[in-house]
Amino acid sequence: MRQHNKYLDKVYEEMSVFREHLLTGRELTPTQQETFEKISVARGWLKDGYSDTEVIQCLKNDPIVKVQDRRAREILAMAYETFAELRQLRNKEGIKFMYAELFREAAYKAKQELDWDSYMKLMKEAAKIDGAYDEIKSNMEEKKRPTKIVIKRVEVNNNYSTTPKVEDTNYELIGTNTEHPSE
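No experiment lies behind these values; they were computed from the predicted model shown. (Residues numbered from 1 in each chain as written. Predicted model: local features only at pLDDT ≥ 70, side-chain atom pairs only at ≥ 80, totals over all residues. Heavy atoms only, no water.)

Before going further, it helps to spend a moment on the overall build of the protein chain. Counting secondary structure elements, the protein chain contains 7 helices and 2 strands. Reading the protein chain from its N end, one meets helices and strands in the order α-α-α-α-α-α-α-β-β. Counting only residues that meet the buried cut, the protein chain has 22% of its 183 residues in that class. Expressed as a percentage of contacts within the protein chain between residues at least 6 apart in sequence, the contacts between residues at least 24 apart total 42%. Within the structure as shown, the protein chain displays about 14,300 Å² of accessible surface, and the carbon and sulfur contribution to it stands at 53%. (Helix = DSSP H or I, 4+ residues; strand = E, 2+ residues; numbered from the N terminus. Buried < 20%, exposed > 50% of the residue type's maximum accessible area, 1.4 Å probe, protein only. Contact = heavy atoms within 4.5 Å. Areas by Shrake-Rupley, 256 points an atom, 1.4 Å probe, with all protein chains shown as cover.)

Written as structure tokens, this is what we have:
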């Protein structure tokens, strides 16, 4: 629950303008466009792995952006808020595969530097995201479960006038490989 604070209301109102711009293409005033560019720069720094504190420092010290501490914190908050809402609207599977592509790109760079250990780890992560191990994992899980076998024994007397006696017997085979019994 938000407390009544005119300053926060101003910031939330400003964020709504940027959300609308991203979602509908609404035109921004020159001042709003300048602020939006600062938000985009802050988002870029966050994507590059900068911490919140580092982003605030960059916003304050960058010769192009150069804002006061309070405004730097506002811009950081707006970067999180504005783009987080957009991320929620995206296709989750698309985001998942985008991350797989990022892992592959990093793996390619590691391969160029002949860092084979990093290459293998990054490619494995990309493969996990792509679902390459899902079928293998499910097959392994199925093999771990006991296999149930029902054997029917039929006793028949030499006298054909009687009905045969059928007896069901249940067995569980644990720890066997049913696909390759010779293993």
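There is more to say after this.
So, on to the environment of Gln32. Inspection of the secondary structure puts Gln32 in helix 2 (residues 30-47). Expressed as a C-alpha distance, the spacing of Gln32 and Phe18, which sit 14 residues apart in the sequence, is 8.1 Å. Here Gln32 is in contact with Val17 and Phe18, once residues within four sequence places are set aside. Within the structure, Gln32 has its side chain in polar contact with the backbone nitrogen of Thr29 (distance 2.9 Å). (Polar contact = N/O pair within 3.5 Å; in protein donor to acceptor, adjacent residues only side chain to side chain.)

The subject of this paragraph is the packing of aromatic side chains. Inspection of every chain in the model, using the stated rule, returns 2 aromatic pairs. Judged by centre distance (5.8 Å) and plane angle (35°), the rings of Phe18 and Phe36 are tilted. Note that Phe18 is positioned in helix 1 (residues 6-24) and Phe36 in helix 2, a separation of 18 residues in sequence. Summarising the burial analysis for this pair, Phe18 and Phe36 share the class buried. Judged by centre distance (5.9 Å) and plane angle (85°), the ring pair of Trp116 and Tyr119 falls under edge-to-face. Note that Trp116 and Tyr119 are positioned in helix 6 (residues 116-130) at a spacing of 3 residues, about one turn of the helix. (Phe/Tyr/Trp six-rings, centres within 6.5 Å; stacked < 30°, edge-to-face > 60°.)

Counting residues in hydrophobic clusters, the biggest one holds 20 residues, and the most contacted among them are Val55, Leu59, Ile75 and Met78. Every element with two or more residues in this core is listed here: helix 1, helix 2, helix 3 (52-61) and helix 4 (69-89). Other than its neighbours up to four places away in sequence, Val55 contacts Ala42, Trp45, Leu46, Tyr50 and Leu76. (Core = buried A, V, L, I, M, F, W, Y, C linked by side-chain atoms within 4.5 Å.)

Attention shifts here to the confidence of the model for the protein chain. With 62% of its residues at a pLDDT of 70 or more, the protein chain shows a mean pLDDT of 75. Here strand 2 (residues 165-173) is the element of the protein chain with the lowest mean pLDDT, 59, and helix 3 is the one with the highest, 91. (pLDDT = per-residue confidence, 0-100.)

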